[in-house]
Amino acid sequence: MTATAIKTRPVNLILLGPPGAGKGTQARMLQDRFGLVQLSTGDLLRGAVAAGTQAGLAAKAVMARGELVSDAIVLAVLKDRLDQPDVGTGTILDGFPRTAVQAQALDDLLARRDQRIDAVISLAVDDAAMVARVSGRYTCGGCGEGYHDQFKQPKIAGRCDKCGSDKMTRRADDNAETVSTRLVAYHAQTAPLIDYYRARSVLTEVPAMGDIGEIAGALDAIVSKLATS
Ligand code: ADP
Ligand code: ADP
Ligand code: ZN
């Protein structure tokens, strides 16, 4: 599918939701459809851990416990990424911001670039279902496409539909114990951002317990309006 033309000023979206809500899955689809760049702080942090950078070394144990990495580290990795030229067309922030400090810092970072948050989409899901979502998640090591043991299987078992790779990976923190810590962190530190953005009239809550295609349709409608406004 060809990317829809987007207005001249970069568009910045936030996908909010607990672990397993479908942020990564939907962000990748929006990226393909609208030519926006998915920025996942989880992916950036996992990259830093794998590369053994200072930030990665500090983040590794915190992530393994399912707690939030410090605002200073997360903001440093995000800022580095925002400085790269490919994010010029606009971004889909997936898993960021997760605290009030991060939300404020994001406003400042964008204001300095003469940009702002255009829409915040909160994926509304049932916590109880997120354990199964996260526990069954796996990802293609070749292209990053996400799959699920029951809910999103590749056409040929073990082989990525997108790139053909048979190298599938599972995250060390995607287990039932860590998910409950991550859900607690979400409710304590991230869910309050829903009110923060509602007060600024940029929030849309989208029911996200249905199937992936149906949710993608709802997000398409929201982003299409931004693209043409
Ligand atoms: P998040 O980025 O919010 O943690 P993901 O997009 O990685 O969530 O989705 C978590 C897991 O659930 C993945 O294995 C994904 O394939 C699957 N998934 C995503 N959306 C849905 C959905 N609407 N219904 C069922 N499974 C889903
Ligand atoms: P999910 O949405 O499935 O919980 P992510 O990949 O977004 O997973 O995050 C994985 C882990 O990385 C989190 O549990 C946390 O330790 C860390 N992390 C990611 N983004 C942030 C952030 N914005 N602030 C603090 N920690 C983060
Ligand atoms: Zn792949």
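Above this text is the structure in question.
Residues numbered from 1 in each chain as written. Chains lettered and ligands numbered in written order. Predicted model: local features only at pLDDT ≥ 70, side-chain atom pairs only at ≥ 80, totals over all residues. Heavy atoms only, no water.

(A) A look at the nonpolar core. Grouped together as the largest cluster of nonpolar side chains are 33 residues, with contacts concentrated most on Ile14, Leu45, Val69, Leu93, Leu106, Val120 and Tyr197. At the level of secondary structure, the elements contributing two or more residues to this core comprise strand E1 (11–16), strand E2 (37–40), helix H3 (54–65), helix H4 (71–82), helix H5 (100–112) and helix H8 (192–198). With sequence-adjacent residues up to four places away left out, Val69 is seen in contact with Leu45, Ala59, Val62, Met63 and Val74. If you look at the next biggest cluster of nonpolar residues, it comprises 24 residues, including Val134, Val179, Leu183 and Ile222. (Core = buried A, V, L, I, M, F, W, Y, C linked by side-chain atoms within 4.5 Å. Buried < 20%, exposed > 50% of the residue type's maximum accessible area, 1.4 Å probe, protein only. Helix = DSSP H or I, 4+ residues; strand = E, 2+ residues; numbered from the N terminus. Contact = heavy atoms within 4.5 Å.)

(B) Focus on the coordination of the zinc ion (ligand 3). Coordination of the zinc ion (ligand 3) by the protein comes from Cys140 (SG), Cys143 (SG), Cys160 (SG) and Cys163 (SG), over a distance range of 2.3 to 2.4 Å. Here the zinc ion (ligand 3) is ringed by four donor atoms whose angles at the metal span 98 to 116°, and the overall shape comes out tetrahedral. Every donor residue of the zinc ion (ligand 3) comes from the same chain, spaced as C-x2-C-x16-C-x2-C. Taken as a pair, Cys143 in the loop between strand E5 (137–140) and strand E6 (146–148) and Cys160 in the loop between E6 and strand E7 (168–169) lie far apart in primary sequence, 17 residues in all. Judged by relative accessible area, which is 29%, Cys143 ranks as partly exposed. (Donors = N, O, S within 2.8 Å, 3.2 Å for Na, K, Ca; no water. Tetrahedral: all angles 85-135°; square planar, octahedral: opposite > 155°, others 65-115°.)

(C) Summary view of the environment of Gly66. Mapping Gly66 onto the fold places it in the loop between H3 and H4. Judged by its relative accessible area of 4%, Gly66 falls in the buried class. Sequence separation of Gly66 and Val37 is 29 residues, and the distance between their C-alpha atoms is 26 Å. Look past the residues within four positions of Gly66 in its chain and what remains in contact with it is Thr178, Thr181, Arg182 and Ala185.

(D) Geometry of the site of ligand 2. Taken together, 19 residues are adjacent to ligand 2, and Lys23, Thr41, Glu67, Gln102 and Arg137 come closest. In the model, an oxygen atom of ligand 2 is placed 2.6 Å from a nitrogen or oxygen of the Glu67 main chain. In isolation ligand 2 offers 550 Å² of accessible surface; the protein chains occlude 97% of this area. Among the residues forming the shell around ligand 2, the class breakdown is seven nonpolar, four polar and eight charged. (Near = heavy atom within 4 Å. Polar contact = N/O pair within 3.5 Å; in protein donor to acceptor, adjacent residues only side chain to side chain. Areas by Shrake-Rupley, 256 points an atom, 1.4 Å probe, with all protein chains shown as cover. Nonpolar A, V, L, I, M, F, W, Y, C, P; charged D, E, K, R; others polar.)

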